[in-house]
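Observations on the model geometry
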Amino acid sequence: MMLIDFNYMSGAGNLFTVINNDKYGLSNEELSNLAVKSCSGKWNKYIDTEGFLTIGKSNDADFSVKFFNPDGSSSMMCGNGARCSVRFAEFSGLIGNSHNVSFQMLDNIYSAEILKDRISVHFPAPVLISQDLKIETGDGTVSGDYIDVDSDHFVIHRGQGKVIEFADFGIDSKARNLRYNKSLPGGGANINILQNRDDGGFNIKTFERGVEKVTGACGTGAMSSAVSLFLSGDKRNEYSFHTPGNSILKVKFELDNDNISGIVLNGEAVILKHDSKDINVRELL
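What to know about the overall build of the chain
Across its full length, the chain holds six helices and 17 strands. Against the compact-globule benchmark of 19 Å for 285 residues, the chain has a radius of gyration of 18 Å, which places it among compact chains. Once the C-alpha set of the chain is aligned to its principal axes, its extents read approximately 60 × 40 × 30 Å. Residue burial in the chain is summarised as follows: out of 285 residues, 56% are buried. Put simply, 60% of the contacts in the chain that link residues at least 6 apart link residues at least 24 apart. For the chain, the computed accessible surface area is about 12600 Å², with 44% contributed by carbon and sulfur atoms. The distance from the centre of the 28 positive side-chain charges to the centre of the 36 negative ones in the chain is 4 Å.

Structural data, given as structure tokens:
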């Protein structure tokens, strides 16, 4: 048996289970299986979380991060998870008193700033953009933009200056037909819809892979949606997205001759609760 300390965190309403794997030295297979268990509210007796983060050492940055979905899958970027990892590293004393840090995730190095209750993380330009796709589903044709920011997303188009209303679209049911649609690059994507707000921002909902439901927030979903808006001609200094978790994610672009060269994601990241549990490591294999 091994006593493992678990931390439960919120990144703008996106909920995570977090551990410092330097203490335990669990393999990727063990971590994947632990993700399935630890994200379940039935198992942790606290909350259902939407992702599992492990923090460790890095030879090239202040620390390293691994992200797993609740189904144990990995190998994708998680924007809110990245911000929560910075807050956890600060809490754990891994970065001292520094407000400017670097971390390694998916073999890439990212920089971040700690700004009191909010954290900003700098990401590179999108990996792939495919605009104006028309996807046939069992519910008809849906148009939108495919944006890959090391996590691939499909952003539903706004029609004639209006955002498709949440209730009219029914993302919980229809996203399942889009999520694994083979017409999308990569054979599927996370699905996003937006709604105009009177304050000039946007409400956002993201149906995420590996979670298979609308999550409390999605950082890469906000980033991809901002890219889609920018490419549609809605160019701003900053985009504000109001999440289902009742928080605000902000996205800014670094530009090179009006081309996106980098993306900055800003939002809250807080530790909600600590817990410890005896784990039979053999059961994780």
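Things to note about the confidence of the model for the chain
Confidence along the chain averages 89 in pLDDT terms, with 94% of residues attaining 70 or more. Per-residue pLDDT stays below 50 along residues 159-163; that stretch engages in five contacts with residues further than four places along the chain or on separate chains.

Observations regarding the side chain of Ser130
As for its placement among the helices and strands, Ser130 is situated in strand β8 (residues 128-137). Setting aside its immediate chain neighbours within four residues, Ser130 contacts Gly144, Asp145, Tyr146 and Pro185.

Comments concerning the environment of Arg209
Inspection of the secondary structure assignment puts Arg209 in the loop between β12 (202-208) and β13 (213-214). Residue classification places Arg209 among the buried residues on the basis of a relative accessible area of 13%. If we skip the residues at most four places from it in the chain, Arg209 touches Asn69, Met76, Ser151, Asp152, Arg179 and Asn190.

Remarks on the packing of aromatic side chains
All told, the structure shown has nine aromatic pairs when counted by the stated rule. The structure contains a cluster of three or more aromatic residues connected by ring pairs, namely Phe63, Phe103, Tyr110 and Phe123. Over the ring of Tyr180 we find Arg179; its NZ or CZ atom is 4.6 Å from the centre of that ring. It is Lys235 that lies over the ring of Phe230; its NZ or CZ is 4.9 Å from the centre.

Notes on unusual backbone geometry
Phi is positive for Leu106, which is not a glycine, with a value near 55 degrees. Within the secondary structure, Leu106 sits in the loop between β5 (100-105) and β6 (108-115). What makes Leu106 partly exposed here is its relative accessible area of 34%. A positive phi angle, near 55 degrees, is found at Asn257, a position not held by glycine. Along the chain, Asn257 turns up in the loop between β15 (248-256) and β16 (259-268). Taking relative accessible area as the criterion, Asn257 reaches 70% and is therefore assigned exposed.

Reading the values: rules and limits
Residues numbered from 1 in each chain as written. Predicted model: local features only at pLDDT ≥ 70, side-chain atom pairs only at ≥ 80, totals over all residues. Heavy atoms only, no water. Helix = DSSP H or I, 4+ residues; strand = E, 2+ residues; numbered from the N terminus. Rg over C-alpha atoms; globule rule 2.2 N^0.38 Å. Buried < 20%, exposed > 50% of the residue type's maximum accessible area, 1.4 Å probe, protein only. Contact = heavy atoms within 4.5 Å. Areas by Shrake-Rupley, 256 points an atom, 1.4 Å probe, with all protein chains shown as cover. Lys, Arg positive; Asp, Glu negative; His and termini not counted. Charge placed at Lys NZ, Arg CZ, Asp CG, Glu CD. pLDDT = per-residue confidence, 0-100. Phe/Tyr/Trp six-rings, centres within 6.5 Å; stacked < 30°, edge-to-face > 60°. Lys NZ or Arg CZ within 6 Å of the ring centre and 35° of its normal.

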